[in-house]
Structures are given as C-alpha cells and as structure tokens.
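# What the coordinates show
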Amino acid sequence: MSARAAPLVLVALLGPIAVGAGACRRPAGSPPPFTAPLVLGGRTVAPAALERGRDTYTAFCRPCHGDAGDGKGPAAAGLEPPPRDLRLGIYKWADVAAGQLPSDDDFVRTLRQGLHGTAMLAWDVPAAELDDLIQYVKAFAIRWRDEKPGDPLVATADPWAARDDEGVARGKRVYHGLAQCATACHPAYVTKADIYAFTKELTGAAVSEFRADLYQPVAKDSDYGYKILPPDFTFNQLRTGIALPDIYRVISCGVGGTAMPTWKNVLPEADLWAMTHYVRSLVALRGTPAAAALAAAAGVPRRATSERT
C-alpha cells in the first residue's frame, strides 16, 4: 500500500475526515480560522495558504498527529514510538545544529522519505500542496513566531570515499576512543582492551573503568517527555536512512531534543566522515550472523533492544 492511499484506508477505519471547504473543515481542537497573515520563521504566510495547509494536514497527518497537533490523533494509540507532538517545536532530523529550527527542505525530506521503523510513512503529498502543509505544521508551535531556521551545516567532501576500509578503521578508533560514543550512550563494539588503547592513543588519557552494560545502549532523557534509547547499529533501523550522506548528517548535526550532540566543528571533518563509514559498516551487519560474531568477539553476547524516537 502506498502512503498516498493510506488516508483512504484510515477513513475506512476511523470514519470520514472532512476536507476542503466543507462544514466540518475545522474539527474540534484544531487551530481557529486564520484570518490574518502569520510570520513563521521570518516568512509571512497568507491565511489562505494556512487554510489550504489545514486541509492537507487533515487528510494526511491528522489521524496520528491529531487535530491539535499534540500527537494524540485517533490512530495514535499503541504506536511505538508515539507520533510527534508538533506543538513543541522540537525537531530531531534536520540539516542544522541540534535544537535549532529546521529548514523547509528538512520538512520535505522527512515527509518524502518518512522515518524508518516508525509509523511515519513516506508521504506522496502533491507538490502543489506541500508548502502550505509545511507552513500549517509550523503554526502549531509558538517557536516559529519568534525564531528563524538555523543555518544548514554544509557537508564537506568525503575523504574516505575511495578508501572505505581505512575510513572504517579510523572511525572505529574515533567512535570508541575520541568521541567515546559508548561511554554513556551507544553500545561498544570492541573489547575493553581496545577502548583502553584507543582512548590512550587519541586523547592521551586511557579509559580503564567501564559501565556494567557497556555493550547495551543507555536510555537517556529527552525533551519529548520520555526516555530515548540510542540505537544499537547492528540491530535497530536508522530512522533517516543508511546512505553515507544520511548518516553523516545525523552525526554532524546531532538529534534535536535528545542527548545526541552536534559533532560538526567539534571533531575534524575527516573524523566525522570516518565515523560515518564505521557506523555504516555496523549497519551492514544488521540481521546477519556477523552481528552476533562481532558481539562474541567483544566478549559479551548482545541482547535484542528496542527504542523510542
């Protein structure tokens, strides 16, 4: 079933959803009629555009995200992870530093590609309706009245593009020794002796004490009202894709509202790309015997994990 057809199926399950200029155009709980322009992210949006966006939102987004944009639509019950509360104005997946407002291009990417492993599908919203929908979604969050989108964090050329094996090897050291991703968040994928050696090599201060659950992700507080479990790259799906540019974007920009920081301008670009190659090498093991072999080589059997996002 295509995402374009999904609203029709939901109508059958949930009852009719009025769209267009009908009498039930504004369900209870939705924003009042727009009668004047709104400035959203520094852009003036006409009321007619926002009303058109309301119609598109009602058809595509309302069943999960709700009339009020609170993530409590009629189809939301039981969804894990839960639909995003759009009123918060906090966005995880964007090409800006974590915590900043995303660009319209970021909205388009999420709408067109969806979020893997969630109920957020890749929606085939008609191109003529897309911009109005994005502006209407912004209108749920007060932040857009006062702030502008952040500046995109532009990717540099990948120095490991023709040297993937070298990139993976460097990325393994950066992940465990320099960025120390397994210290308190993600799982480790090497032995404790390796981590000792990598941290001593790259920081001059060897790590010799380790958390008891070193080979498991650690649930972290978030701005969404629940704890979030960082992904085990050999087990969980990556929400925004597994291509190198997608992984680089998440590592570089961070994940808004979570403990995942912005690494851009913190680590050298070569190391950001090296970690990207290393993470992709781990993702390639997902669902294969090699994932279990990697855990066995580290000395600790890996358990299945789940995550909210």
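Presented here is an overview of the structure given in this document. Here the structure is a predicted model, which means the values were calculated and not measured.

Here is what the cut-offs are and how they apply
Residues numbered from 1 in each chain as written. Predicted model: local features only at pLDDT ≥ 70, side-chain atom pairs only at ≥ 80, totals over all residues. Heavy atoms only, no water. Helix = DSSP H or I, 4+ residues; strand = E, 2+ residues; numbered from the N terminus. Buried < 20%, exposed > 50% of the residue type's maximum accessible area, 1.4 Å probe, protein only. Areas by Shrake-Rupley, 256 points an atom, 1.4 Å probe, with all protein chains shown as cover. Phe/Tyr/Trp six-rings, centres within 6.5 Å; stacked < 30°, edge-to-face > 60°. Lys NZ or Arg CZ within 6 Å of the ring centre and 35° of its normal. Contact = heavy atoms within 4.5 Å. Core = buried A, V, L, I, M, F, W, Y, C linked by side-chain atoms within 4.5 Å. Axes fitted to C-alpha atoms, helices over the stretch in contact; angles between N-to-C directions. Parallel < 35°, antiparallel > 145°, perpendicular 65-115°, else oblique. Left-handed = near helix turned anticlockwise from the far one by under 90°. Nonpolar A, V, L, I, M, F, W, Y, C, P; charged D, E, K, R; others polar. Arc of directions from axis to C-beta. Polar contact = N/O pair within 3.5 Å; in protein donor to acceptor, adjacent residues only side chain to side chain.

## Re the overall build of the protein chain
The number of helices and strands found in the protein chain is 11 helices and two strands. Moving toward the C terminus, one meets the helices and strands of the protein chain in the order α-β-β-α-α-α-α-α-α-α-α-α-α. Of all 309 residues assigned to the protein chain, the portion counted as buried reaches 48%. Roughly 14300 Å² of accessible area belongs to the protein chain as shown, and the carbon and sulfur atoms make up 58% of that amount.

## Section: the packing of aromatic side chains
Within this structure, the stated rule accounts for 14 aromatic pairs. Measuring from ring centre to ring centre gives 6.1 Å for Phe34 and Tyr136, while their planes differ by 85°; the resulting arrangement is edge-to-face. Taken as a pair, Phe34 in the loop between α1 (6-14) and β1 (38-40) and Tyr136 in helix α5 (residues 127-139) lie far apart in primary sequence, 102 residues in all. Residues Phe34 and Tyr136 agree in their burial class; the two are buried. Measuring from centroid to centroid gives 6.5 Å for Tyr189 and Phe233, while their planes differ by 35°, and the two rings are tilted. Here Tyr189, found in the loop between α7 (164-178) and α8 (192-203), pairs with Phe233, found in the loop between α8 and α9 (244-253); they are 44 residues apart in sequence, far enough to count as distant. With respect to class, Tyr189 is no different from Phe233; both count as buried. Feature note: the residues Phe34, Tyr57, Tyr136 and Phe140 constitute an aromatic cluster, connected by ring pairs. Over the face of the ring belonging to Tyr224 we find Arg84, whose NZ or CZ atom lies 4.8 Å from the ring centre. Sitting over the face of the ring of Tyr224, Lys92 holds its NZ or CZ atom 5.2 Å from the ring centroid.

## Some remarks on helix α4 (residues 104-113)
Those residues of α4 lying buried are Asp106, Phe107, Arg109, Thr110 and Leu111. Tucked into the core, α4 has its buried residues touching α5, α6 (143-146) and α9. Trailing α4 by a residue or two, Gly114 shows a phi angle of about 70°, which is positive.

## Re the nonpolar core
Tyr175, Phe233, Ile251, Leu267, Met275 and Tyr278 are the most contacted members of the largest nonpolar core, which has 31 residues in total. In terms of residues, this core owes the most to one element, helix α10 (residues 269-283), which gives eight residues. With residues up to four places along the chain from it excluded, the contact list for Tyr278 reads Val168, Gly171, Lys172, Tyr175, His176, Tyr189 and Val190. If you look at the next biggest cluster of nonpolar residues, it comprises 25 residues, including Val45, Tyr91, Ile134 and Phe140.

## Here's the deal with the packing of α4 against α5
Packing of α4 against α5 brings their axes to within 11 Å, and their N-to-C directions diverge by 110°. The angle between α4 and α5 places the two elements in the roughly perpendicular class. Here the hand of the crossing between α4 and α5 comes out right-handed. Facing Asp104, Phe107, Val108, Leu111 and Arg112 of α4, the residues of α5 in contact are Ala127, Leu130, Asp131, Leu133, Ile134, Gln135, Val137 and Lys138. A class-by-class count of the residues in the contact of α4 with α5 yields eight nonpolar, one polar and four charged.

## Quick notes on the environment of Ala97
Among the structural elements, Ala97 can be located in the loop between α3 (62-65) and α4. As a C-alpha pair, Ala97 and Val250 span 153 residues in sequence and 9.7 Å in three-dimensional space. Each residue touching Ala97, except ones within four places of it in the same chain, is listed here: Leu153, Cys253 and Thr262.

## Looking at helix α11 (residues 289-298)
Listed in full, the buried residues belonging to α11 are Ala291, Ala295 and Ala298. For α11, the arc enclosing every buried residue in end-on projection is 60°, short of the 170-degree limit, so these residues lie on one face. Facing away from the buried side of α11 by over 90 degrees, the exposed positions are Pro289, Ala292, Ala296 and Ala297.

## Quick word on unusual backbone geometry
Here the residue pair Glu80 and Pro81 is connected by a cis peptide bond, since its omega of 5° sits within 30 degrees of zero. Positive phi values are uncommon outside glycine, yet Asn265 reaches one of about 70°. Secondary-structure assignment places Asn265 in the loop between α9 and α10. Looking at Asn265, the relative accessible area reads 70%, which means it is exposed.

## Considering the side chain of Thr234
With respect to the helices and strands, Thr234 occurs in the loop between α8 and α9. For Thr234, a relative accessible area of 5% gives the class buried. Separated by 2.8 Å, the side chains of Thr234 and Asp232 make a polar contact.

That is the geometry; function is a separate question.
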